Each structure stands twice: as C-alpha cells, then as structure tokens.
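Listed below, chain by chain, are the residues.
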Amino acid sequence: MLITLPIAELVPGMFVDSVSKQQEHVNSIKIKTRGLVRDKTIIQRLISEGVEELLIDFTQSDVALPKKYQPKPEPAKPKVEQKSAANGSPQGITVQQEFLKASVHYEQHSRKLQSFYSDITSGLKMNVSVLDDIAVDIVSSVFRNHNALTILTRLKDKHIYNWRHMINTAILVSVFAKYLGYKEKTIKELAMGALMHDIGQAKMPQGVLSKPSALNDNEMQVVKKHVAQSLGLVKGEKGITPLMLDMIVNHHERLDGTGYPRGIAAEKLSRAARMMAIVDVYDAMTADRPHQMGEEPISALRYLLANKQLFDSELVQRFIKCLGVHPVGTIVKLNNERLALVMEGNHENPIKPKIKVFYNAKHKHHITAKDVDLSVEKELKIMASIKPLDYQLNLARLLKEHLLV
C-alpha cells in the first residue's frame, strides 16, 4: 500500500518509494533514491535537503500503517443468525478467538490419544467413548473456525507421530468434508474413522514403527498387517458404523489396484476411502517421523496431484482448493524479502491467502507484525514456502505470539 506522508510523520522502519515534494534550494540535492529508513539521521538529512512529502510503501516497511491512514471499518450491520457456509466459518468467530481454545484442546486430545494408544499396546480394552468425545470436539471447532485447528496440524514432533497423526487426519478430513458440503453428523463419522484408521499399529512391534531408517521389505510386510489389526480392534464395538470400517479397511488402497491389503481398484473404492487416502498421505508426508523429516505442504500436494493413477484427481484438486497451495500455518517468503505466516486460505484463488507478515528475511530480524490480504495487495506475491529452521524460527512460539489473544 502506497501512502503519501509529510516528512514530520516519517519514522525509522518506513520504506520510501519516492520523494513527492521537495523545496528547491541553491545547494540542495534532488533526492531520487528509494529504500528503508534505518535511523533518524537519514530523516534529518532529508529535512536538511528540503524534503516535505514522501511516498511510503507499507508493504515493504517494517512498521505498520498508522491508524489514521487505515481504511475505516464499514458501519455495523444488524445482527443475523450465525450460519456456516460450506467453505467458510460462522460470522464473528476469528481464528485468533478460536485458537486459544483449539490449542488447549489439541494438547489435551494428544495426551488422551497417547494414553489410548498405550492402553491398546498393553492389551487393555479399547475405550471408544474417548475417541467419540475427541471427534465431537474437533468437528465443533472446525465449524466455529476451521483455520485454528488446521494451523495446529503444522506442528511437528517425530517422537509423538503416531497419535499426532490420528488427531491431524481427523482434523484434516473434517475440514475437507465441511468444504465439500457434508452434514455435521457425517463429518463426525469421518472424524471417528480417521481417529481409528491406524490404531492397529499399537499392536505392531514398536521397534519397527520407531526405526530411524527406511523399513526393509520384511518390516514393511509387518506394518501392512496393521489394517487387519485395526479392524479386529473395532469390530463389534458399539457405535462403529460401516463408513468408519470402510475408512479403516481401505485407506491404503489405490485407484490402480496397487494398494493394500486387498489390492482393490477404483470402482470398489468409496468416496470416503478416497478422501481418507489423500488426507493420510498428506499428513504423513508433511510430518516429522522417526525415519524422515517432513516435507513442506506444497511438495505433498504436488505428489498427490502428480499421481493420478493412485489418487482421485478431482478430489485432490478440491483438497488443494480447500487447504490452499500454502495451507494455514505455513511460513512463506514474499517477493519483498519478508516472511509471513499464512492465516486464512482463499478458496477462489488458492495462491492469494491472508497472511501475517512478521520477519525481515534480508536482514534476519523480526518486524512489527501486520495482516495482509494478498488478494488485495496485488504487488505482493508468495515466492516459496520455507522451513522454520531455515531461519531459526520456532513455529510453536510464533503461533502463540501472533495468534493467542
């Protein structure tokens, strides 16, 4: 955003695009350079050269646009009943408002799933009601504002991958199903199916699952048995529906018949199984696991899109539109050498999300955070997604600093 300011309002951190008004003195030098004002000595020099007004580019500045120049909010409209669009959030519930509750619940659910997983490993009976409570809470949060929980799926920890994967896939399939227009009752079933899709791994040799290198063929055959183990654990339990069983049994099947355990092909695979396959692979590829570091979301989405023989291409394209090319919680680098946190997707134009700019990548320091809508700021573009460690950034800390209110 370009704003003309008088010299009296110029402060360090502003980016001067050009000088729009300068007094003519005998010895004055016509100021033509553009750049970031780093300290007050530069301002004094501009004053001494007769500069009166400057054009400031706030998209490249390290300071926020002064309140007096910010667009005035539209007059408040009469309150109406809150409704959720198929791909939106209830009116008035911001990601910041939902994030505090979501982050607390996310950690609580992770601990419950860890205990749940450990109980099964120890041979104790499965308590399905624990999963039911978690599924209800996830779906409720998704309907209030789907971005809050989706952002939390970006947090990585290879030491707790198994139960993080359970909760992350439940979140992602709920967000995806809501985007596709499923009813809340069905979305809750899908969330339950996701929470249970890999529970058979609790019966696997844990040394194989936590192996820090790639699995050999024999170990892979052992892991593939988790599908049958999962089915054995849930069959006969109260509240288990055919939809949930379908997701558990078929999430590793592929359209061309190369999946497992039965090697069935496209005509026998339901939409729910196809959705679960996409969500399962996406989360597995983007998570840190004992044997590999997670990839950035854009790499996982490209993989899904490129393998049309394996995954439903129409659903993959809609999944990308649902999450965005750079999903919420991703750190991206802009064409003005700034880093930003993706805050909200744009279903109409997935490469133009809403972001929060927070870091000067060129000079490697944090700046005053500001919200930017890339669909409005036409000159700003995302150049790439980056890994937090590339800039020594702690994603969990960043989220707390910029989202907890």
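Everything that follows concerns the structure shown earlier in this document.
Described below are features of the structure shown in this document.

Details of the overall build of the protein chain
Here is step 1 of the chain: When helices and strands are counted, the protein chain shows 14 helices and nine strands.
Here is step 2 of the chain: Considered along the principal axes of its C-alpha atoms, the protein chain spans approximately 90 × 55 × 40 Å.
Here is step 3 of the chain: Each of the 405 residues in the protein chain was classed as buried or not, and the buried ones make up 52%.
Here is step 4 of the chain: Within the protein chain, residue pairs in contact and separated by at least 24 positions form 68% of the contacts whose partners lie at least 6 positions apart.
Here is step 5 of the chain: Entry remark: accessible area of the protein chain is about 19900 Å², with carbon and sulfur atoms responsible for 53%.

Considerations on the packing of helix α5 (residues 161–180) against helix α13 (residues 313–323)
Here is step 1 of the chain: Between α5 and α13, the least distance of the axes is 10 Å, while the angle of their chain directions is 100°. In terms of orientation, α5 lies roughly perpendicular with respect to α13. Contacts from Leu 172, Val 175, Phe 176, Tyr 179 and Leu 180 of α5 reach α13 at Leu 315, Arg 318, Phe 319, Lys 321, Cys 322 and Leu 323.
Here is step 2 of the chain: Class assignment for the residues of the contact of α5 with α13 results in nine nonpolar, no polar and two charged.

Some details on the nonpolar core
Here is step 1 of the chain: The biggest cluster of nonpolar side chains holds 100 residues, and the ones touching the most others in it are Met 196, Ile 199, Ile 331 and Leu 339.
Here is step 2 of the chain: Not counting residues within four places of it along the chain, the set of residues in contact with Ile 199 comprises Phe 116, Ile 120, Met 126, Met 166, Ser 230, Leu 233 and Val 234.

Structural notes on the pattern of salt bridges
Here is step 1 of the chain: All told, the structure shown has 12 salt bridges when counted by the stated rule.
Here is step 2 of the chain: Among the ionic pairs, Asp 312 bridges to Arg 274, the shortest N-O distance being 3.0 Å. With Asp 312 in the loop between α12 (297–306) and α13 and Arg 274 in helix α11 (residues 271–286), the pair connects residues that are 38 residues apart, well separated along the chain.
Here is step 3 of the chain: Taking the shortest distance from any N to any O, the salt bridge between Asp 371 and Lys 356 comes out at 2.9 Å. Residue Asp 371 is located in strand β8 (residues 365–373), and its partner Lys 356 is located in strand β7 (residues 354–360); the two are separated by 15 residues in the primary sequence.
Here is step 4 of the chain: Judged by relative accessible area, which is 9%, Lys 356 ranks as buried.

Description of helix α9 (residues 226–234)
Here is step 1 of the chain: Among the residues of α9, His 226, Val 227, Ser 230, Leu 233 and Val 234 are the ones counted as buried. The arc that holds every buried residue of α9, seen down its axis, measures 125°, which confines them to one face. Exposed and oriented more than 90 degrees from the buried face of α9 are Ala 228 and Gly 232.
Here is step 2 of the chain: Next to the buried residues of α9 lie α2 (95–121), α6 (184–196), α8 (217–224) and α10 (242–250).
Here is step 3 of the chain: Trailing α9 by a residue or two, Gly 236 shows a phi angle of about 90°, which is positive.

Notes on the environment of Glu 314
Here is step 1 of the chain: Tracing the backbone shows Glu 314 in helix α13.
Here is step 2 of the chain: Judged by relative accessible area, Glu 314 falls into the partly exposed class, the value being 36%.
Here is step 3 of the chain: For the pair Glu 314 and Thr 59, spaced 255 residues apart in sequence, the C-alpha to C-alpha distance is 36 Å.

Quick look at the packing of aromatic side chains
Here is step 1 of the chain: Inspection of every chain in the model, using the stated rule, returns six aromatic pairs.
Here is step 2 of the chain: An angle of 50° between the planes, with centres 6.2 Å apart, marks the rings of Phe 358 and Tyr 359 as tilted.
Here is step 3 of the chain: Geometrically, the ring pair formed by Tyr 359 and Tyr 391 is edge-to-face, given 6.0 Å between the ring centres and 75° between the ring planes. Placement of Tyr 359 in strand β7 and of Tyr 391 in the loop between β9 (382–386) and α14 (395–403) is noted, with a sequence separation of 32 residues between them.

Thoughts on the sheet that holds strand β5 (residues 331–334)
Here is step 1 of the chain: Ordered by their spatial adjacency, five strands build an open sheet running β8-β7-β6-β5-β9, and the pairing between neighbours is antiparallel. Every interior strand has two partners, whereas the edge strands, β8 and β9, have only one. On average, adjacent strands in this sheet sit at an angle of 30° to one another, irrespective of strand direction.
Here is step 2 of the chain: Pairing analysis gives four bridges linking β5 to β9, with the strands arranged antiparallel.

Quick look at the pairing of strand β6 (residues 338–344)
Here is step 1 of the chain: Of all seven residues in β6, six are buried, a share of seventy percent or more.
Here is step 2 of the chain: Where β5 lies against β6, three bridges are found, and the strand directions are antiparallel. Bridge pairing in β6 places Lys 333 opposite Leu 339.
Here is step 3 of the chain: With antiparallel pairing between neighbouring strands as the criterion, β5 and β6 make up a hairpin whose turn holds three residues, including Glu 337 at a positive phi of roughly 65°.

Notes on the sheet that holds strand β1 (residues 2–6)
Here is step 1 of the chain: Taking strand neighbours across the sheet as the criterion, the four strands line up as β1-β4-β2-β3 in an open arrangement whose pairing is antiparallel. If you trace the sheet from one side to the other, it starts and ends with β1 and β3 (35–36), each paired once.
Here is step 2 of the chain: Pairing between β1 and strand β4 (residues 51–57): five bridges, direction antiparallel. Among the inter-strand pairings, Thr 4 is bridged to a residue of β4, identified as Leu 55.

Here is what the cut-offs are and how they apply
- Think of each chain on its own: its residues are numbered from 1, step by step along the sequence as written.
- Only residues with pLDDT of at least 70 get local features here, since the model is predicted, and only at 80 or more are side-chain atom pairs given and counted; chain-wide, interface and lining totals rely on the full set of residues.
- No hydrogens and no water enter the side-chain calculation; it runs on all heavy atoms of the structure.
- To qualify as a helix, a DSSP run of H or I must reach at least 4 residues; to qualify as a strand, a run of E must reach at least 2; elements of each kind are numbered from the N terminus.
- Only protein chains enter the accessibility calculation, which uses a 1.4 Å probe. A residue is then buried if its area is under 20% of the maximum for its type, exposed if over 50%, and partly exposed in between.
- A contact between two residues is defined here by any heavy atoms of the two lying within 4.5 Å.
- Accessible surface is estimated by sampling points in the Shrake-Rupley manner with a 1.4 Å probe; for residues, cover comes only from the protein chains shown.
- All axes here are fitted lines through C-alpha atoms, helices being fitted over the stretch that makes contact, and every angle between N-to-C directions spans 0 to 180 degrees.
- Small angles under 35 degrees read as roughly parallel and large ones over 145 as roughly antiparallel, with 65 to 115 read as roughly perpendicular and the rest as oblique.
- Gly falls in the polar group here, along with every residue not listed as nonpolar (Ala, Val, Leu, Ile, Met, Phe, Trp, Tyr, Cys, Pro) or charged (Asp, Glu, Lys, Arg).
- The term nonpolar core refers to a set of buried residues drawn from Ala, Val, Leu, Ile, Met, Phe, Trp, Tyr and Cys, joined through side-chain atoms within 4.5 Å.
- What counts as a salt bridge is simple: a side-chain nitrogen of Lys or Arg found within 4 Å of a carboxyl oxygen of Asp or Glu.
- Starting at the helix axis, one direction is taken to each C-beta atom, and the arc is that of these directions.
- Between the rings of Phe, Tyr and Trp (Trp by its six-membered ring), a pair exists once the centres lie within 6.5 Å; its type follows the angle of the planes, with under 30 degrees stacked, over 60 edge-to-face, and the other angles tilted.
- Note on pairing: DSSP must find at least two bridges between two strands before they are called paired.

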